[in-house]
Amino acid sequence: MRGAGCTKYPIVLAHGLAVHDADGIYTPWGRVPEALRAQGAVVYLGGQDAWGSIETGAGQLWRTVQRAMREQGCTRVNIIAHSKGGLEARFLISAMGWARHVASLTMLSTPNRGSRVAEALLRARPGIALWARGNDAYWRRHGDERPDTLRAGRQLTPRYLAAFNRRCPDAACVYYQSWGARLDHARSDGAMVLMRGLFYPLHGESDGLVTPVSARWGRYRGTLRGVSHQQLVDAFGRDTAHFSPCRFYAALVHELGRMGL
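Not measured: the values here are computed from a predicted model. (Residues numbered from 1 in each chain as written. Predicted model: local features only at pLDDT ≥ 70, side-chain atom pairs only at ≥ 80, totals over all residues. Heavy atoms only, no water.)

## Observations regarding the pattern of salt bridges
A side chain with one charge may pair with a side chain of the opposite charge, provided their charged atoms come close. In plain terms, the rule: One speaks of a salt bridge when a side-chain nitrogen belonging to Lys or Arg is within 4 Å of a carboxyl oxygen belonging to Asp or Glu. Numbering goes from the N terminus for both helices and strands, where a helix is a DSSP run of H or I of at least four residues and a strand is a run of E of at least two. Relative accessibility under 20% of the residue-type maximum defines a buried residue, over 50% an exposed one, and the middle range a partly exposed one, all with a 1.4 Å probe and only protein chains included.
This model, assessed by the stated rule, comprises 14 salt bridges. As a salt-bridge pair, glutamate 119 and arginine 116 come within 2.8 Å of each other at their nearest N and O atoms. With glutamate 119 and arginine 116 both in helix α4 (residues 116-122) and three residues apart, this pair spans about one turn of that helix. Taking the shortest distance from any N to any O, the salt bridge between arginine 221 and glutamate 255 comes out at 2.7 Å. One end of the pair, arginine 221, is in strand β6 (residues 219-225); the other, glutamate 255, is in helix α10 (residues 245-258), with 34 residues separating them in the sequence. Residue arginine 221 is classed as partly exposed on the basis of its relative accessible area, which comes to 26%.

What follows is the structure in structure tokens.
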């Protein structure tokens, strides 16, 4: 019997850009999967490429959804997605037409309206093109099926996401909710503090990469203060004064369970 903290449908964790969870050797979700399993939840890792396109990631996510439904004997899943993973999940639901198999989509700092960081970095040609070729080669050797760094970057720009949003409207049968985050004065993630500082004139307040305005989608649950883009997924495996990842996800999953999802 599943524990009291579980959901009716299994959880699929869809990671964001530049990380990999192949074979479960490494999880970009830190302590979160095991914490959820300890409270009785059934948890699968999304299995997308680290640097694939939205379309590639959505196809890989669909494979995981199919496996979860087959192994658990169910017809739907709950997807919890970080950053670009939310866009892949939305593409799976709307463009690929699999809404009936997704009970809920929870998005955490997903750049639904694009990121000015991606837009600014793509202007750094030809250097960015050279780096992208090397990055694709690296990730192809380390498990990516179809890495495409430049396309992945372009798909995070505001212009691209404006067209994407028209193409991928919400499905009535799916419960959508989202959270954003902003660093404010927190200094617990040096890399994201640096990114926030570099791109503040373009962005305004953000978690280092994504603004709360861009993250807002469906039922907006609020902006987590003093939390970086990486800390949202327990990248450092520790709590901070502002945020406990394991407690946050445990509460999230418990709420989905109470909703009958």
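## A closer look at the nonpolar core
What counts, and what does not: By convention a nonpolar core is built from buried Ala, Val, Leu, Ile, Met, Phe, Trp, Tyr and Cys residues, the set being connected through side-chain atoms within 4.5 Å. Residue contacts are counted whenever heavy atoms from the two residues lie within 4.5 Å of one another.
Formed by 59 residues in total, the largest nonpolar core has its most connected members in Ile79, Ile80, Leu105 and Tyr249. Looking at this core, the element that brings in the most residues is helix α2 (residues 54-72), giving seven residues. Filtering out sequence-adjacent residues up to four positions away, isoleucine 80 remains in contact with Ile11, Val12, Leu13, Ala14, Trp29, Thr106, Leu108, Tyr249, Leu252 and Val253. Residues Val117, Ala120, Ala186 and Phe199 belong to the second largest nonpolar core, which totals seven residues.

## Side note on the sheet that holds strand β3 (residues 77-82)
Applied cut-off: The pairing criterion for strands is at least two bridges between them, as found by DSSP. Axis definition: a line fitted to C-alpha atoms, over the contacting stretch in the case of helices. Angles run 0 to 180 degrees between N-to-C directions.
Spatial ordering of the open sheet is given by β2-β1-β3-β4-β5-β6, a layout of six strands whose pairing is parallel. The open sheet has two edge strands, β2 (43-45) and β6, and neither has a second partner. Strand-to-strand, the axes of this sheet are offset by a mean angle of 20°, without reference to chain direction. Sheet topology places β3 next to strand β4 (residues 102-108); six bridges connect them, and they run parallel. Across the sheet, residue alanine 81 finds its bridge partner in β4, namely methionine 107. Those strands touched by α10 are β1 (11-14), β3, β4, β5 (175-182) and β6, and its axis lies near 165° from that of β5.

## Considering the environment of threonine 7
So the rule is basically this: Polar contact is defined as a pair of N or O atoms within 3.5 Å, subject to the rule that within protein one atom must be able to donate a hydrogen and the other to accept it, and that residues adjacent in sequence are counted only when both atoms are side-chain atoms.
Counting through the fold element by element, threonine 7 comes out in the segment before β1. Among the residues examined, threonine 7 registers a relative accessible area of 4% and is labelled buried. In this structure the side chain of threonine 7 is engaged in a polar contact, spanning 2.4 Å, whose partner is the backbone oxygen of tyrosine 9.

## Some remarks on the packing of aromatic side chains
Worth spelling out the cut-off: Aromatic pairing here means that ring centres of Phe, Tyr or Trp (its six-membered ring) are within 6.5 Å. Orientation follows from the plane angle: under 30 degrees is stacked, over 60 is edge-to-face, and everything else is tilted. Two limits define a charge over a ring: the Lys NZ or Arg CZ must be within 6 Å of the ring centre, and within 35 degrees of the ring normal.
The full count for this structure, using the stated rule, is eight aromatic pairs. With centroids separated by 5.6 Å and ring planes inclined at 80°, the aromatic side chains of tryptophan 51 and tryptophan 131 adopt a geometry described as edge-to-face. Within this pair, whereas tryptophan 51 is found in the loop between β2 and α2, its partner tryptophan 131 is found in helix α5 (residues 127-141), the two being separated by 80 residues in sequence. A relative accessible area of 12% means that tryptophan 51 is categorised as buried. Residues tyrosine 138 and tryptophan 139 carry aromatic rings whose centres are separated by 5.4 Å and whose planes lie at 85° to one another, so their mutual orientation is edge-to-face. What makes tyrosine 138 partly exposed here is its relative accessible area of 39%. Feature note: the residues Trp29, Trp179, Phe243, Phe248 and Tyr249 constitute an aromatic cluster, connected by ring pairs. A cation over a ring is seen here: arginine 90 above tryptophan 217, with NZ or CZ 3.9 Å from the ring centre.

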